[in-house]
Amino acid sequence: QSALTQPASVSGSPGQSITISCTGTSSDIGSYNLVSWYQQHPGKAPKLMIYEVYKRPSGISNRFSGSKFGNKASLTISGLQAEDEADYYCCSYAGSSTWVFGGGTQLTVL
Amino acid sequence: QVQLVESGGGVVQPGRSLRLSCAASGFTFSSYGTHWVRQAPGKGLEWVAFIWYDEIKKHYADSVKGRFTVSRDNSKNTLYLQMNSLRAEDTAVYYCAREDPTINDAFDMWGQGTLVTVSS
């Protein structure tokens, strides 16, 4: 149950697009189309942004999109806005009813 | 109001026990699998445990297996986490999270969290 690998930080200017990567293994991301992404503002609970690799829950802006290739998943945020500044975590189902999170990426909107 | 509310956190000495609760409201709790996820101070999220909607199956992260027990009382709309033999590395905010059966293997609702501090 090793954590998924995410960059510690990414940044972008308002209106730009950024991509956060999430690298796992053939036992988690590579085996299941069950990657989810969470946004967490300081002192707040995480919020589901993407599930099943690319699907958006009701109410989530289409500026958020997800993808996966092999053992690597990605979250892209287009048209960056100030309120997007937060920590982002990926998560993957890892088999046998266990889940694994990434270490988190701090997004700074310049 | 649809929500999850955790309680039971606090300061506890190493080796002692603590039980967390998570009260659900505004939805049919008995239809949802539920998880515990924790976050050490300044660190990332860590999945801890999962219990099926009917309590038939329970699953744990290796880091807590044998020490933590997840349970639920659907008549009280409440999820529990019994934590025994606590260690300093168990210090974290503990969140309960719901897994909507229509959203596979993702956590669509979270509580506000309860802080557990393990210290002598």
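Cut-off values and rules
- Residue positions within a chain follow its written sequence, with the count starting from 1.
- Labels are handed out in written order, letters beginning with A for the chains and numbers beginning with 1 for the ligands.
- Residues qualify for local features only when their pLDDT is at least 70, as the model is predicted, and side-chain atom pairs are given and counted only at 80 or more; totals for whole chains, interfaces and linings, by contrast, use all residues.
- Hydrogens and water molecules were not included; the side-chain quantities draw on all heavy atoms of the structure.
- Going along the chain from the N terminus, every DSSP run of H or I of four or more residues is numbered as a helix, and every run of E of two or more is numbered as a strand.
- The atom set for the radius of gyration is the C-alpha atoms, and the globule formula is 2.2 Å times the number of residues raised to the power 0.38.
- Classification of residues uses two cut-offs on accessible area relative to the type maximum, computed with a 1.4 Å probe and protein chains only: under 20% is buried, over 50% is exposed, and between them is partly exposed.
- Between two residues, a contact is recorded if the distance between any of their heavy atoms is within 4.5 Å.
- Per-residue accessibility takes into account occlusion by the displayed protein chains alone, with areas from the Shrake-Rupley method and a 1.4 Å probe.
- A pair of strands counts as paired when DSSP detects no fewer than two bridges linking them.
- In plain terms, two cysteine sulfur atoms within 2.5 Å form what is called a disulfide here.
- Think of a salt bridge as a Lys or Arg side-chain nitrogen and an Asp or Glu carboxyl oxygen that are within 4 Å of each other.
- The term polar contact refers here to a pair of N or O atoms within 3.5 Å; inside protein, the definition further demands a hydrogen-donor-capable atom paired with an acceptor-capable atom, and it admits residues adjacent in sequence only when both atoms are side-chain atoms.
- In this classification, the charged set is Asp, Glu, Lys and Arg, the nonpolar set is Ala, Val, Leu, Ile, Met, Phe, Trp, Tyr, Cys and Pro, and all remaining amino acids, among them Gly, are polar.
- Orientation is described by axes fitted as lines to C-alpha atoms, over the contacting stretch for helices, and by angles from 0 to 180 degrees between their N-to-C directions.

Undergrad: Help me understand the overall build of chain A, please; the structure alone is not making it clear to me.
TA: Helix and strand counts for chain A stand at zero helices and nine strands. Listed N to C, the secondary structure of chain A is β-β-β-β-β-β-β-β-β in terms of helices and strands. Here the C-alpha atoms of chain A give a radius of gyration of 13 Å, agreeing with the 13 Å that 2.2 N^0.38 yields for 110 residues. Projecting the C-alpha coordinates of chain A onto the three principal axes gives extents of approximately 40 × 25 × 25 Å. With 110 residues in all, chain A has 48% of them scored as buried. Excluding contacts between residues fewer than 6 apart, the proportion of contacts in chain A whose partners are at least 24 apart in sequence is 56%. Counting every atom, chain A has about 4,900 Å² of accessible surface; 46% of that belongs to carbon and sulfur.

Undergrad: Looking at this model, I keep getting lost on the pairing of strand β9 (residues 105-109) of chain A. Mind explaining?
TA: In regular strands, side chains alternate between the two faces of the sheet. Residues and elements named next belong to chain A. The side-chain alternation of β9 yields one buried face, formed by Thr105, Leu107 and Val109, and one unburied face, formed by Gln106 and Thr108. Note: strand β1 (residues 9-12) against β9, four bridges, orientation parallel. Bridge pairing in β9 links Ser9 to Gln106.

Undergrad: Just checking my understanding: could you explain the state of the cysteines for this structure?
TA: Here, disulfide denotes a covalent bond that connects the sulfur atoms of two cysteines. For the structure on display, the rule yields two disulfides over all chains. Here Cys22 of chain A pairs with Cys90 of chain A through a disulfide, and the sulfurs are 2.0 Å apart. Its S-S torsion of about 75° marks the bond between Cys22 of chain A and Cys90 of chain A as right-handed, since a negative value means left-handed. Pair noted here: Cys22 of chain A is in strand β2 (residues 18-23) and Cys90 of chain A is in strand β7 (residues 86-93), with a separation of 68 residues, a long-range link. The class of Cys90 of chain A is buried, set by a relative accessible area of 0%. Between the sulfur of Cys22 of chain B and that of Cys96 of chain B lies a disulfide, 2.0 Å long from S to S. Given an S-S torsion of about 60°, the disulfide between Cys22 of chain B and Cys96 of chain B has right-handed geometry. One end of the pair, Cys22 of chain B, is in strand β3 (residues 18-25); the other, Cys96 of chain B, is in strand β9 (residues 92-99), with 74 residues separating them in the sequence.

Undergrad: Looking at this model, I keep getting lost on the interface of chain A and chain B. Mind explaining?
TA: How large an interface is tends to be reported as the accessible area lost when its parts come together. On the chain B side, the residues contacting the 21 residues of chain A number 25 residues. At the surface where chain A touches chain B, the tally comes to zero salt bridges. Linking chain A to chain B there are seven residue pairs in polar contact (both at pLDDT 80 or more). For the side of chain A that touches chain B, the secondary structure elements donating two or more residues are β3 (35-40), β7 and β8 (99-101) of chain A. Here the residues of the side of chain A that touches chain B sort into eleven nonpolar, eight polar and two charged.

Undergrad: Even after reading the chapter, I still don't get the pattern of salt bridges, so can you show me in this structure?
TA: In a structure, side chains of opposite charge can pair up when their charged atoms sit close to one another. Summed over the entire model, instances satisfying the criterion amount to eight salt bridges over all chains. In this structure, Lys55 of chain A engages Glu52 of chain A in a salt bridge whose closest nitrogen and oxygen atoms are separated by 2.7 Å. Each of Arg38, Glu46, Arg67 and Asp90 of chain B takes part in a single network of salt bridges with overlapping partners.

Undergrad: Mind showing me how you'd approach the sheet that holds strand β5 (residues 64-69) of chain A here?
TA: In sheet architecture, strand pairing relies on hydrogen bonds along the backbone and comes in two forms, parallel and antiparallel. Residue and element names in this part refer to chain A. On the basis of which strands lie adjacent, the open sheet formed by three strands has the order β2-β6-β5 and antiparallel pairing. In this open sheet, the two strands that pair with only one neighbour each are β2 and β5. Each adjacent strand pair in this sheet contributes to an overall mean axis angle of 20°, direction not counted. Where β2 lies against strand β6 (residues 72-77), six bridges are found, and the strand directions are antiparallel. Bridge pairing in β6 links Ile18 to Ile77.

Undergrad: Looking at this structure, how should I read the sheet that holds strand β7 (residues 68-73) of chain B?
TA: Residue and element names in this part refer to chain B. With respect to topology, four strands assemble into an open sheet ordered β1-β3-β8-β7, the strand pairing being antiparallel. Two strands lie at the open edges of the sheet, namely β1 (3-7) and β7, each paired on one side alone. Neighbour to neighbour, the strand axes of the sheet diverge by 15° on average, direction disregarded.

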